[in-house]
Structures are given as C-alpha cells and as structure tokens.
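Analysis of the macromolecular model
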Amino acid sequence: MGNWIINHGLSAFILVVWMGINIFLFVYYYLFYDQGPQFEYTRELLGSALPWARAPAAVLNFNCMLILLPVCRNLLSLLRGSFICCGRTMRKQLDKNLTFHKLVAYMIALMTAVHTVAHLLNAEWYTNSFQGQYGPLAGNLSMLDDSSELKTTYLNPVRSNSTTPTLLVFTTIAGLTGVVITLALILMITSSMEVIRRSYYEVFWYTHHLFIIFFAGLVFHGAGRIVRSQQVTDPPHNTSFCEDQPENWGKNPECPIPQFAGGFPQTWMWVIGPMIIYLCERLLRFIRYMQPVSYRKIVIRPSKVLELQLVKPGFKMAVGQYVFLNCPAISQLEWHPFTMTSAPEEDFFSVHIRSVGDWTEDLIKMVENLPEGGQGPKMAVDGPFGTASEDVFDYEVSMLVGAGIGVTPFASILKSIWYKFKDSDPKLRTKRIYFYWLCRETYAFEWFADLLQVLEKEMEERGMRDFLTYKLYLTGWDQSHVNHAMVHFDKDTDINTGLKQKTSYGRPNWDKEFEQVRQENPSSVVGTFLCGPQALAKDLEKKCVKYSEVDPRKTKFYFNKENF
C-alpha cells in the first residue's frame, strides 16, 4: 500500500475530489428539484422525472467546463513550467491529461443518457397532463396561459391537443439543441474508440471537431426555459392550501392564480471561460501555422521511417518534447503529433515518421517523388509541448523503455546526454541510465544504432562504461535469426546493429531487470519512462510499485508514460 501511494496517491486523490464534486452536484440538485416548494406544481405534472433530468444537467455543466482544459496543450506546457518548484509528483498529473479527458467524456456520456431519458419522459408527461390524464390539478395547471388580463405565466409548454411528444421535442429550442448535442456526442465518442483512432485517424480527427457544434448547442440549450418554477406573488399563493381547490384560483384572495417562469440559463457561465482559453489556443496554433518552416535535411530510412530535420525561427525545445505537424498539401485541417528526436543543443529539430495510416503514407510518397535536391512540401509546426520525458534529468537513475518507433523521445535524451558530456555540463544530475529498446524487425534498429555507437565510444573514452547500460530486444524473429546469431556468436559486435552489446531475442524479464537496477542503485530515486503500448505500460507500472521501497533511504521507482 505504501508503494502504491508513492506512485498513485496524488492521482487517486484528484480522482476522488473530482468524483466527490460530481456526486455532490447530483445529490444537491436532485434534492433541490425533488423537495423545493417552488417546484411542487411542476412535480405535479412531471413527477420524479424532474429531478432526474435536472440533477444530471448540473453534473454536465461541471464536466463540460472541464472537458476542454486537458486538451489545451499550451496551457498544460505553461503549468508544467510553473510546477517545477512543486516537485515531480505534481507535474506527473499533467501527463495524464488525456486519461482525465476521457474520464470526463465518459461522465458526460452517462449524464447525457440519464438527462435525455428523463426529458423524453417529461415530454410525454407534459402532453398527458395537458390532455387531462393526470387529474384536475394537473389539468388546471396545464391550462394556465399568458392572458394579459389574468397576468399569469404558463407552466406546461404544451399549448394544444395536437402537440405530441415528438412534436414538442423537434419544435422547441431545448428539444432541437438537445437532439443536435446528443448526435454530436455519439459521433465523437464512437469515433474515439481505440480501434477507429488507430486505424482511421482521419475519421477520429474530423468527427472530434463536432465539439464546435456540441458547445454551440450547449450554450443555447437552456434558452427555451422549458422547466419552470413557481414565482412569488402578492398575495402569496399558498400551495398546500390551494392545491386541492384549483377551481377557486383567482376567486379566493388566499389563492391567487399561480405564476411561473423558466430559470435563467446557466450553462454558458460554466463553459465560457474554457471556451475562451481554447479559442486562444487555436489562435496561437494559427499564428504558428503561418510561421515559415524550412528543411535542413530529409532522409528516408529503409525501415519505412522518414527523418525530417526542420528549422524554424525562434524555436526552442527541451528533451522528450513533441510537436504537431500539418502538411497543407495533404490536409489543411489535420495535425499529427510526433516526438522530436533532436537534442536542444542542436540548431535544428528533427522527427522520425513511421508509415502508419493514410497521412504518413501520403507524406512519405510525396518525399520519395521529390527531385534530387528538392525542398519538401510546406510544413506547419505547432509546439513544442511538454511530456513526462522532460523530467528525465531530475532523477539520479533513469530507466528508458521504447517500443518500436516509441524510441524517439529517448533519442533526444541520449543525444542531449552526449552534448552534456562533450561540454562537461556541471548541471547534469543523472548518474546512470538504463535503456531498453524492443523492436519487431531487425532493420528498425538501423537508424538509431549510429547514435548508440557514438555514445559507446564516448563512455569508453571517459571511463564511464557503467553510465549507459542499453539492451536491445528483437521481438519478431524466427529460427533462422537465431541460427544466424549462433554462427556469428563469437564476433565482437552484434550482427544486427554493429554494436558491442548483443541483441536479445524475445522480451525482457522485467522482474530480473528491476531487481538488477534496485541492487545496483540501493538508495536512488529511479525514474522509469515508457513510450510504448498500454499493455506494456500496465506491466511496468506494476513493477514500479512492486520494487519500490517504502523506506525513503532505499530505492524508489516512479513510473512516467508518454501520452499524445
């Protein structure tokens, strides 16, 4: 439990606070509409569907306020810089922004379902009340109109026997906007499923921009003021005394005709702040879109990986950060995230792009068809944005785990380390790095092996062989690979990479690796960084908890994962 608290305590606390606020809002507004005297006559028409519709609405307001904030990348980068003095635990929460975004979206979906079902029942019961199916009191309340002589306000929005629940839904502001909001939400959530997002990213990208329609409908949803409450009159209308004698309303001085009014729309007050912040975010993106970007070098690797070295005036980065790229020749609207593989010490920034999906395939084809010495297509760059890997130099010992193209943030880190050693940077706190790279194909090692060879040589010359321990794992192999390796086993360098460290076949035994790191660093804080699949993340997260010591004088592992 102590280890779990070390790694997940603050995240769990934030989750509990968020859930507590949701529960409080739901219960408070449920009781407000279920027991409030100003809604007694409204409940006569709608019954328990009234609080079941209004309580989720309050929760929706709160979560719609939150949903945009985790995707305001510039805001998160600003906060990440501001939290440097607050320790790594607080900054780690910002790296879980997309997880929180999804949680808020799930809550919005759940509350939307409850809110919609309750209001569909309300539409049915409004219609039945007007037709006199629920007794004389409901019938009299439904017949109240806006006659200027009586100076009354209506309670039931149904004003004709020909009005059906369907007609009520599609002819009122609340009904129409509700249908639009719900359809937009369904499309956004279904297109966000992992299988669609991975295989058809463009579908996810375009449908997610329905959030503009969602928020526009949300702002106007309450303008119809369809749920109405009783107003204070002079003399007052005593509900408990007058509800049994509706025929005397307006005749008995103690029972003036009750007056009703819709509540003031509040949703816009909840969401206007985040909407302005997000608008500024998009404005900043547009400004960056207009800034010129030039190519320094274009390299097409045999492993279907495209390396772009780019130059942009005033561009500054830190290790492990990522940028969003837009190629107008392919699509003016699509932006795709890529981790930078260059070091901050270099006068350019580079990305490695693997051929996955239509956008990357189109980009690689365009580059392959360029004439000799030709410039690449126009490229717009948004960023850089902070990630968990920025904190790698805050740890005495770091474990870097990359899977496939997920090695890219660690290329930036290892390059930066090389520059820091070259310049004898006294600020470098890191004493040891363990690097693990898992790949399916041998040629995937090709573009990164050169950097590792340079680091190998640098560490040997400085007598610091123990500073960098790296292990490469080939996860996709057959018997011919093994036989070939056995034949050349006595060679000084690996047959796949040309490195002194031999490639292992299969997957790492993480228990063995973590135990080794703990024994070699008995009193260190170890940062474990992953850029890879979720299944591997869950495994490493468990190992960090398992091998952390509660004793502050002993080894502790902190898990960090890249999220885009």
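As annotated in an unreviewed UniProt entry, the protein chain is NADPH oxidase 1 from Cyprinus carpio. You can read under Catalytic activity (unreviewed entry) in the UniProt record for the protein chain the words "NADPH + 2 O2 = 2 superoxide + NADP(+) + H(+)". According to its UniProt record, the protein chain has this under Subcellular location (unreviewed entry): "Membrane".

Looking now at the state of the cysteines. Applying the stated criterion across every chain yields a total of one disulfide. The side chain of C242 participates in a disulfide bridge whose partner is C255; the two sulfur atoms lie 2.1 Å from each other. On the sign convention where negative means left-handed, the S-S torsion of about -90° between C242 and C255 marks this disulfide as left-handed. You can see C242 sitting in helix 13 (residues 239-242) and its partner C255 sitting in the loop between helix 13 and strand 2 (260-262), a full 13 residues away along the chain.

This part covers the packing of helix 12 (residues 211-221) against helix 14 (residues 267-290). At their nearest, the axes of helix 12 and helix 14 sit 10 Å apart, and the two run at 150° to each other. One finds that helix 12 runs roughly antiparallel with respect to helix 14. Crossing hand, helix 12 versus helix 14: left-handed. Counting all contacts with helix 12, which are made through F211, F215, L218 and V219, the residues of helix 14 involved are T267, W268, V271, M275, Y278 and R282. Taken together, the residues of the contact of helix 12 with helix 14 sort by class into eight nonpolar, one polar and one charged.

This next bit is on the packing of aromatic side chains. This model, assessed by the stated rule, comprises 28 aromatic pairs. An angle of 85° between the planes, with centres 5.1 Å apart, marks the rings of Y28 and Y29 as edge-to-face. Overall, the relative accessible area of 43% leaves Y28 in the partly exposed class. Between F315 and F349 the ring centres are 4.1 Å apart and the planes differ by 20°, which places this aromatic pair in the stacked class. With F315 in the loop between strand 4 (305-311) and strand 5 (322-326) and F349 in strand 7 (residues 349-354), this pair connects stretches of sequence that are 34 residues apart. The same class applies to F315 and to F349, which are both buried. Joined through ring pairs, the aromatic side chains of F24, Y28, Y29, F32, Y33 and F39 make up one cluster. The lysine or arginine in question, R73, covers the ring of F324, its NZ or CZ lying 3.7 Å from the ring centre. Sitting over the face of the ring of F385, R73 holds its NZ or CZ atom 5.0 Å from the ring centroid.

Bringing the sheet that holds strand 4 into the picture now. Within a beta sheet, neighbouring strands are joined by backbone hydrogen bonds and run either parallel or antiparallel to one another. The antiparallel open sheet is built from three strands, whose spatial order is 3-4-7. At either end of the open sheet lies a strand with only one pairing partner, and these are strand 3 (294-301) and strand 7. The mean inter-strand angle of the sheet, taken between neighbouring strand axes irrespective of direction, is 15°. Against the sheet, helix 15 (residues 357-368) engages strand 3, strand 4 and strand 7, with an angle of about 110° to strand 7.

Reading the values: the criteria
Residues numbered from 1 in each chain as written. Predicted model: local features only at pLDDT ≥ 70, side-chain atom pairs only at ≥ 80, totals over all residues. Heavy atoms only, no water. UniProt positions renumbered as here; feature names shortened; annotations may be inferred. Disulfide = S-S within 2.5 Å. Helix = DSSP H or I, 4+ residues; strand = E, 2+ residues; numbered from the N terminus. Axes fitted to C-alpha atoms, helices over the stretch in contact; angles between N-to-C directions. Parallel < 35°, antiparallel > 145°, perpendicular 65-115°, else oblique. Left-handed = near helix turned anticlockwise from the far one by under 90°. Contact = heavy atoms within 4.5 Å. Nonpolar A, V, L, I, M, F, W, Y, C, P; charged D, E, K, R; others polar. Phe/Tyr/Trp six-rings, centres within 6.5 Å; stacked < 30°, edge-to-face > 60°. Buried < 20%, exposed > 50% of the residue type's maximum accessible area, 1.4 Å probe, protein only. Lys NZ or Arg CZ within 6 Å of the ring centre and 35° of its normal. Pairing = 2+ DSSP bridges.

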